[in-house]
Amino acid sequence: MAPRVDAAEVPGDRPGKLKVFLGAAPGVGKTYRMLDEGRRRLRRGTDVVVAYAECHGRRHTEEMLHGLELVPRLRRTYRGSTFSELDLDAVLARRPAVALVDELPHTNVPGGRNAKRWQDIDELLAAGIDVVTTVNVQHLESLNDVVEKITGVPQRETVPDEVVRRADQIELVDMPAEALRRRMAHGNVYQPEKVDAALAHYFRIGNLTALRELALLWVAGRVDETLQKYRSEHGIGTVWETRERVVVALTGGPEGETLIRRAERIADRSSGGDLLAVHVARSDGLAYASPAALAKQRALVEKLGGSYHSVVGDHVPTALLDFARAENATQLVLGTSRRSWFSRLVAPRGIGEDTVELSGDIDVHMVTHERAGRGRRLKIPGRQLPHARRIAGPVGGLVLPILLTVVLTHIRGTLNLSSEALLFLISVVGVACLGGVASALLASLTASLLLNYYFIPPTDEFTITEPNNALALVVFALVAVTVAALVDRSLRLSRRAASATAEAETLSSMAGNILRGDQGVSVLLDRTREAFGMESAELVPRTDPETEVDAEDTDLVKVPAGPDRSLILRGRRLPASEHRVLTAFAAHLAAALDHARLMEAAAEVEPVKAADRLRTALLAAVSHDLRTPLASGRAAISSLRCPDVDFSDAERNELLATAEESLIELNRLVDNLLDMSRLRAGALTLHLQPTAFADVLPLALSTLAAAPVRVESRGLAEVRDVLADPPLLERVLANLVTNAVRHSGSAERVLITASALGSRVELRVIDQGPGLRPEDRDRIFVPFQRLGDRDNTSGLGLGLALSRGLAEAMGGTLDPEDTPGGGLTMVLSLRAAAAEEATERAVGGA
């Protein structure tokens, strides 16, 4: 009876879902788990097919195929060999609910519409087919160079991290290094003849342990991204201590480097801990930070592997904690206050105390440093009146005139009334500077009453008999209020200036990132979210007026970002001052979006321009260089066919030789053109294998016309094989020898030698011609030029350019050197294959 098919899992209009089994190394059981997943879904009634599975002769894995429907593979022939591939069209025509596709990074045999298997899987997902696939951590593009350093084996087949990262599910297939080696020793991974080589090279315990750690950390990062998305979608503001995240607050002061290094040590205590540095650009105390100091501290943070962030906030403790909670941070590092003892006496509470009080479930570390308690080195440019001064002002307005009255009463008769009035005026001005207009009014009223009662005749009563005394009291009050008003105005202006400085600092940092092009739009959106302490930030298409956001939604802010986009932030209501900055952020985001569009357009145009230049050069080359061998060959053949001329045997042989040489030259030129076109188009397919120079050189020389000089070789049979594509290596050697012969001058020979250098083998093609100037060493590798040639009959100028391109495609290098005594030596360096051959066989089934 046919299995029941769940209607919910039949392909439809929705895109398919991707599940990836990620392993640390070959043999951990990814394919087995993929097939087991298919069998489980089949038992549940889902329509499942095996689109492609590579069992590598492993008996237990092959048994998992029983009962599963297999889509026949597609057979393709390439360079005389037949390969089996995923039949994409057959799977699309079959339209199952779930397709099992092994080996995500696999490179397809040329001939299909997609170069990589992950592109085939994208088509299956777009058709609404769910896909289950497998990949090893060494094939992730971001870890490719790290894996090569660990194992010594380069991975030629890679997959972009984003392809795996966007999977709906990623499941780690884990196995301890010792267990995997036991599996190999029991013959459950490779054939017996491959086991010893694999255990001795790629599958050493150190290699496997390092690869396992890479896989665990990569998956942990992906899980963390999913967790952050979940917390944002569900509005969860509390800290979930899934991983140690240490936030260090930077003011731009001299203590910054000390705090960064202490925070890094705290993060290092927990494996996988993250370091985040944050600077609060605000209007009341930190806006004076030195941009140069912050830039230096940012470089230190990034050098230590952390990330630097800048946020906007009027209240530093709140801004710091909002950022820390948004990033799910577990610890916050602050420096102890640089305020002097007098500042602490006037205002005992500082940023550190407020942060500790509001921190909740976030641990706060107060770190001492050499500047603690020494005061600020730079003057604070206009602070908002702090809470302590708002209290001290009215108290001083009452207490200071009373104290002055007590003092003057004890020395009555020493000073006249004018001096006493001036002393009261000074006290009122002092209170006005301390507490503002309200405190000044209170102080002036208190001082006026005391002065009138105790010092203006008649004393001990509230009367004023002389008009001059009344005028003095009025002026007294006006001066106090005027001074207080000026102080308040100065505070407001300086606060605005500091706020503008903070805004400019944040915006200039963002603008610099856009101009440098070092951050994408998505990263800039994340920076915007962080800067304003919001839960989410996104760019959406501009909506019609009738579909605008509900004005009652106080947790959502929307501003225009260009003519066709809007910036939407969710999380809290923004004050008017921050709306102005947000508008500027939106304008920068619109500029970044335009920049990205222009870059995409430029990237699309550049290949067209390159193709046009290549086409123009090809036409010029065909019109000049191909004409000569064609004309020579045609003239020789026409002469031989002429019935009116009776050629001798020697003349006939000479004409035939001319025709043959012309055809050989023509064939070589056409091959060079085709290979260069494939290199430029990225369509050159390599089949690297152990290759001997001694085997390839005779084939290369046989394709050349008769050389006017002798070509000798030494030491080719004594060196190890190299990892190369034999036909392409033959083309490289033919071009190098041709170039050496052409420029050998009066020398009688061209010498070819080979030698080993570490894990590489170097082949030298040596001529004793005129040599090369140092400034021309790069120009000789530019296509379609003939450096030093005086005519257009000596080739297309493609030989060395093509040779270097083919050498680099095979993982090698091609560089010029001076020949001792005069001339040019071309040095071809390729990887030796002796040490890698066993490893290639061992990991061939990965």
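## Examining the pairing of strand β10 (residues 274-281)
Put simply, side chains in a regular strand alternate between the two faces of the sheet. Across the 8 residues of β10, 7 count as buried, placing the element largely inside the fold. Summarising the sheet, strand β9 (residues 245-250) and β10 pair through 6 bridges and their orientation is parallel. Of the residues in β10, the one forming a bridge with Leu-250 is His-279. Bridge count between β10 and strand β11 (residues 307-312): 6 bridges; the pairing is parallel.

## Section: helix α22 (residues 693-702)
Within α22 the residues assigned to the buried category are Phe-693, Val-696, Leu-697 and Ala-700. The buried side chains of α22 occupy one side of the element, clustering within an arc of 105° when seen end-on. For α22, exposure combined with an orientation more than 90 degrees from the buried face picks out Asp-695 and Ser-702.

## Here's the deal with the confidence of the model for the protein chain
Mean pLDDT for the protein chain: 75, with 72% of residues reaching 70 or above. This stretch, residues 1-10, has a pLDDT under 50; its non-local contacts, to residues over four places away or in other chains, come to 15 contacts. Within the model, the stretch residues 373-383 combines pLDDT values under 50 with 30 contacts to residues more than four positions away or in other chains.

## Examining the nonpolar core
In terms of nonpolar packing, the biggest core is built from 66 residues, with Leu-35, Leu-100 and Phe-203 touching the most fellow members. With 6 residues, helix α9 (residues 205-233) is the single largest residue contributor to this core. Here Leu-35 is in contact with Val-50, Ala-53, Thr-61, Met-64, Leu-65, Leu-68 and Leu-100, once residues within four sequence places are set aside. Within the second largest apolar cluster, 41 residues are counted, among which are Val-709, Leu-716, Leu-763 and Leu-824.

## Re the sheet that holds strand β13 (residues 363-367)
Read across the open sheet, the 5 strands follow the order β11-β10-β9-β12-β13; overall the sheet is parallel. Strands at the two margins of the open sheet, each flanked by one partner only, are β11 and β13. Neighbour-to-neighbour, the strand axes of this sheet turn through a mean angle of 25°, independent of strand direction. Its contacts with the sheet place helix α10 (residues 256-268) against β9, β10, β12 (331-335) and β13, and it is angled at close to 175° to β9.

The rules behind these values
Residues numbered from 1 in each chain as written. Predicted model: local features only at pLDDT ≥ 70, side-chain atom pairs only at ≥ 80, totals over all residues. Heavy atoms only, no water. Buried < 20%, exposed > 50% of the residue type's maximum accessible area, 1.4 Å probe, protein only. Helix = DSSP H or I, 4+ residues; strand = E, 2+ residues; numbered from the N terminus. Pairing = 2+ DSSP bridges. Arc of directions from axis to C-beta. pLDDT = per-residue confidence, 0-100. Contact = heavy atoms within 4.5 Å. Core = buried A, V, L, I, M, F, W, Y, C linked by side-chain atoms within 4.5 Å. Axes fitted to C-alpha atoms, helices over the stretch in contact; angles between N-to-C directions.

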